[in-house]
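Listed here are the chains, written in short residue letters.
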Amino acid sequence: MLSDSTILTLNGSVAALRHTGQVDAGASLKCGVDLGTASIVEVVLTGDGRPVACEIQPCQIARDGLVVDYFGAIQIVKRLTDSLRRRLDRPIEQAAIAVPPGTSARDCGTHRHVVEAAGLEVAAIVDEPTAANSVLGVVNGVVVDIGGGTTGLSVFEDSKVVYVADEATGGTHMSLVLMGRFGLTFDEAEKFKADPDRVAEVKEAVRPVAEKMATIVGRHLAGGHVENVWLVGGSAGLDGMEEIFADHLGVPVHKPPHPMMVTPVGIAMNQPS
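Residues numbered from 1 in each chain as written. Predicted model: local features only at pLDDT ≥ 70, side-chain atom pairs only at ≥ 80, totals over all residues. Heavy atoms only, no water.

A.B. asks: I would appreciate a short explanation of the sheet that holds strand S1 (residues 29-35) in the present structure.
C.D. replies: Within a sheet, each strand pairs with its neighbour through backbone hydrogen bonds, oriented either parallel or antiparallel. Taken in spatial order, the 5 strands of this open sheet run S3-S2-S1-S6-S7, and their pairing is mixed. In the strand order of this sheet, the two ends are held by strand S3 (51-58) and strand S7 (121-127), each with one partner. Direction aside, the axes of adjacent strands within the sheet are offset by 20° on average. Pairing analysis gives 7 bridges linking strand S2 (residues 39-46) to S3, with the strands arranged antiparallel. Along S3, the bridge assignment pairs valine 41 with isoleucine 56. (Pairing = 2+ DSSP bridges. Helix = DSSP H or I, 4+ residues; strand = E, 2+ residues; numbered from the N terminus. Axes fitted to C-alpha atoms, helices over the stretch in contact; angles between N-to-C directions.)

Written as structure tokens, this is what we have:
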């Protein structure tokens, strides 16, 4: 299970969206930029890992983990970074970034170029599962990242990634189902999905997509010994996802608080002090 300090960090990252934490003069800061399919998240931590400011911008700049709107991504990262600088009244010159597991050198370079073009030096590049596990601390188990465009999984043994897979089923596919079911535009479906008053309707409508995600994970884990599974990513936050996965996989499935923030916080943790 997660430590109290980890839960405090995740809760603090959400609080940092609206409330800027106090930073002592001369204290070091760490920044992480997460270029996601459905949003860009930028987190600033103190050197000891305390979240002090966070910015998020929903967008459609990536598809299946790859940046497709290069100029749009640059503009968003610039805007988020400028906002963080104003909030903290501190220079932010460096950041860590993350790329999907198995990303080619070319695609990895695209992520780097976006952040550098936005005026930040890329101080570290880490794969997304390693970033997530910087927060979770899974020694032996599986981290499933349910993003906007894909469902990825990473198997950890002795805290090291030994197997990764990534397939194109994610939160966008849930939104497409909601569009067809309720006659919505894509933007309306995204808002519908996040509406706390629509939880039961959303859960019923997207259950087949969630079951497909669980089936994908089960296929990749077939024949292997799995002790536990952790769900992270924005779409993991939907009500009941852990129960659906547990039913299909037959192993304990855990979901941390604010699963969308796990990878961004972990990215920031990987920036060298």
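A.B. asks: Help me understand the layout of surface pockets in this model?
C.D. replies: Empty space among the atoms becomes apparent when a probe as large as a water molecule is rolled across them. Considering only enclosed or pocket space, the second largest pocket measures out at about 150 Å³ in volume. Around the second largest pocket, the lining residues are Ala27, Ser28, Leu29, Lys30, Cys31, Val44, Arg90, Pro91, Ile92, Glu93, Gln94 and Gln271. Across the lining of the second largest pocket, the residue classes tally to 6 nonpolar, 3 polar and 3 charged. (1 Å grid on protein atoms, 1.4 Å probe; cavity = no way out; pocket = protein on both sides within 12 Å on 5 of 7 lines; lining within 4 Å. Points joined across faces, edges and corners; volume = space filled by probe spheres on them. Nonpolar A, V, L, I, M, F, W, Y, C, P; charged D, E, K, R; others polar.)

A.B. asks: Would you take a moment to explain the confidence of the model for the protein for this structure?
C.D. replies: In low-pLDDT segments, the atomic positions of the prediction should not be examined closely. When pLDDT is averaged along the protein, the result is 90; 96% of the residues meet or exceed 70. When pLDDT is averaged over each element of the protein, helix H9 (residues 262-269) comes out on top at 96 and strand S4 (residues 62-63) at the bottom at 68. (pLDDT = per-residue confidence, 0-100.)

A.B. asks: Teacher, can you tell me more about the environment of aspartate 24 here?
C.D. replies: Among the secondary structure elements, aspartate 24 is positioned in the loop between helix H1 (4-15) and S1. When the C-alpha atoms of aspartate 24 and threonine 46 are compared, they prove to be 9.5 Å apart, with 22 residues separating the residues in sequence.

A.B. asks: Which parts of the structure should I look at to understand the packing of helix H5 (residues 171-182) against helix H6 (residues 186-194)?
C.D. replies: How two helices sit against one another is set out by the angle between their axes and by the gap between those axes. For the pair H5 and H6, the least separation of the axes is 8 Å and the interaxial angle reads 105°. Considering their axes alone, H5 and H6 lie roughly perpendicular with respect to each other. Here H5 contributes Gly171, Thr172, Met174, Ser175, Leu178, Met179 and Phe182 to the contact with H6, which in turn contributes Phe186, Ala189, Glu190, Phe192 and Lys193. Of the residues assigned to the contact of H5 with H6, the class counts are 7 nonpolar, 3 polar and 2 charged. (Parallel < 35°, antiparallel > 145°, perpendicular 65-115°, else oblique. Contact = heavy atoms within 4.5 Å.)

A.B. asks: Looking at this structure, how should I read unusual backbone geometry?
C.D. replies: Trans peptide bonds make up most of the peptide bonds, and negative phi angles are found at most residues other than glycine. Despite not being glycine, aspartate 158 shows a phi value in the positive range, around 50°. The topology assignment puts aspartate 158 in the loop between strand S9 (151-157) and strand S10 (160-167). Among the residues examined, aspartate 158 registers a relative accessible area of 59% and is labelled exposed. The phi dihedral of serine 159 is positive, around 70°, even though this residue is not glycine. Owing to a relative accessible area of 42%, serine 159 belongs among the partly exposed residues under this scheme. (Buried < 20%, exposed > 50% of the residue type's maximum accessible area, 1.4 Å probe, protein only.)

A.B. asks: Please explain the pairing of S2 as it appears in this structure.
C.D. replies: A regular strand places its side chains on the two faces of the sheet in alternate fashion. Burial analysis of S2 places 8 of its 8 residues in the buried class, which makes it a mostly covered element. Both S1 and S2 contribute to a ladder of 7 bridges, which runs antiparallel. In the strand pairing of S2, leucine 29 is matched with threonine 46. The antiparallel hairpin formed by S1 and S2 contains 3 residues in its connecting segment. Where S2 folds back on S3, the antiparallel hairpin that results is connected by 4 residues, among which glycine 49 adopts a positive phi of roughly 95°.

A.B. asks: Could you clarify how one ought to interpret the side chain of serine 235 in this entry?
C.D. replies: Looking at where serine 235 falls in the secondary structure, it is placed in the loop between strand S11 (229-232) and helix H8 (241-249). Classification of serine 235 as buried rests on a relative accessible area of 8%.

A.B. asks: Is there a simple way to explain the environment of glutamine 60 in this structure?
C.D. replies: Checked against the element boundaries, glutamine 60 lands in the loop between S3 and S4. The partly exposed category is assigned to glutamine 60, whose relative accessible area is 42%. Sequence separation between glutamine 60 and aspartate 127 is 67 residues, and the spatial gap between their C-alpha atoms is 21 Å. Excluding its chain neighbours within four sequence positions, the residues that come into contact with glutamine 60 are Thr37, Ala38 and Phe186.

A.B. asks: Would you mind showing me how to read the pattern of salt bridges here?
C.D. replies: A side chain of one charge can pair with a side chain of the opposite charge if their charged atoms are brought near each other. All chains considered together, the criterion is met by 10 salt bridges. The residue arginine 112 makes a salt bridge to glutamate 116 at a minimum N-O spacing of 3.1 Å. Of this pair, arginine 112 and glutamate 116 both sit in helix H3 (residues 105-117), 4 residues apart, roughly one helical turn. Note that glutamate 211 and arginine 207 form a salt bridge whose closest N and O atoms lie 3.0 Å from each other. Placement of both glutamate 211 and arginine 207 in helix H7 (residues 199-221) is noted, with a separation of 4 residues, approximately one turn of the helix. (Salt bridge = Lys/Arg side-chain N within 4 Å of Asp/Glu carboxyl O.)

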